[in-house]
Amino acid sequence: DQIIINPNYDEPTYFQNGMAVVSRNKKCGVIDKNGNAILPLRYDNVVRLTNSFLLTKNNLKGMADAKAQVIIETRYDFLEEVKSNLLLVYKDGKCGTITTHGVNIIPMMYDELIFDSAKAIFFAEKKSAWKEIN
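Please read all numbers here as calculations on a predicted model, not as lab measurements.

Draft legend 1. Quick look at the packing of aromatic side chains. Following the criterion strictly, the structure yields two aromatic pairs and no others. Centroid distance Phe115 to Phe122: 4.8 Å. Interplanar angle 50 degrees. Geometry classified as tilted. Judged by its relative accessible area of 21%, Phe122 falls in the partly exposed class.

Below, the structure written as structure tokens:
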């Protein structure tokens, strides 16, 4: 019969692993079962993934780990986990891969990267600049 978390959120989600994604005034974050902010309400969107959270702020993507601790700041135009601890990222029209710790694996110099999960390999495309030939 006691209120543990004040009902001051616009759209709370269910609790999973002791955490829930919440929003207020069009900003999202993550709270624990006591209502304490684990991830502050500063993101435009927070999506719970299998073992992490996808963060969006000002149309840029980042990632938080399973404990809602930011591991990749929101600085990428696109971010997708392609296999365990490996992320495909796009920024300013170029793409590459990084680990969930932010270490560059494939440099961000390609126009397109496609991951073949069956063979666990990447196909990369890098377009050449047009040149005038006389």
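On we go.
Draft legend 2. Region of the structure containing the sheet that holds strand 11 (residues 104–110). The four strands lie next to each other as 8-9-10-11, forming an open sheet whose pairing is antiparallel. Since the sheet does not close on itself, it has two edges, and those belong to strand 8 (78–83) and strand 11, each with one partner. Each neighbouring strand pair of the sheet contributes to a mean axis angle of 20 degrees, computed without reference to strand direction. The pairing of strand 9 (residues 86–91) with strand 10 (residues 94–99) spans six bridges and is classified as antiparallel. What sits directly across from Val89, in strand 10, is Gly96.

Draft legend 3. Main features of the environment of Ala37. Position of Ala37 relative to the elements: it lies in strand 3 (residues 37–43). By relative accessible area, which is 60% here, Ala37 ends up exposed. For the pair formed by Ala37 and Ala20, sequence separation is 17 residues and the distance between their alpha carbons is 9.8 Å.

Criteria and thresholds
- Residues numbered from 1 in each chain as written.
- Predicted model: local features only at pLDDT ≥ 70, side-chain atom pairs only at ≥ 80, totals over all residues.
- Heavy atoms only, no water.
- Phe/Tyr/Trp six-rings, centres within 6.5 Å; stacked < 30°, edge-to-face > 60°.
- Buried < 20%, exposed > 50% of the residue type's maximum accessible area, 1.4 Å probe, protein only.
- Pairing = 2+ DSSP bridges.
- Helix = DSSP H or I, 4+ residues; strand = E, 2+ residues; numbered from the N terminus.
- Axes fitted to C-alpha atoms, helices over the stretch in contact; angles between N-to-C directions.

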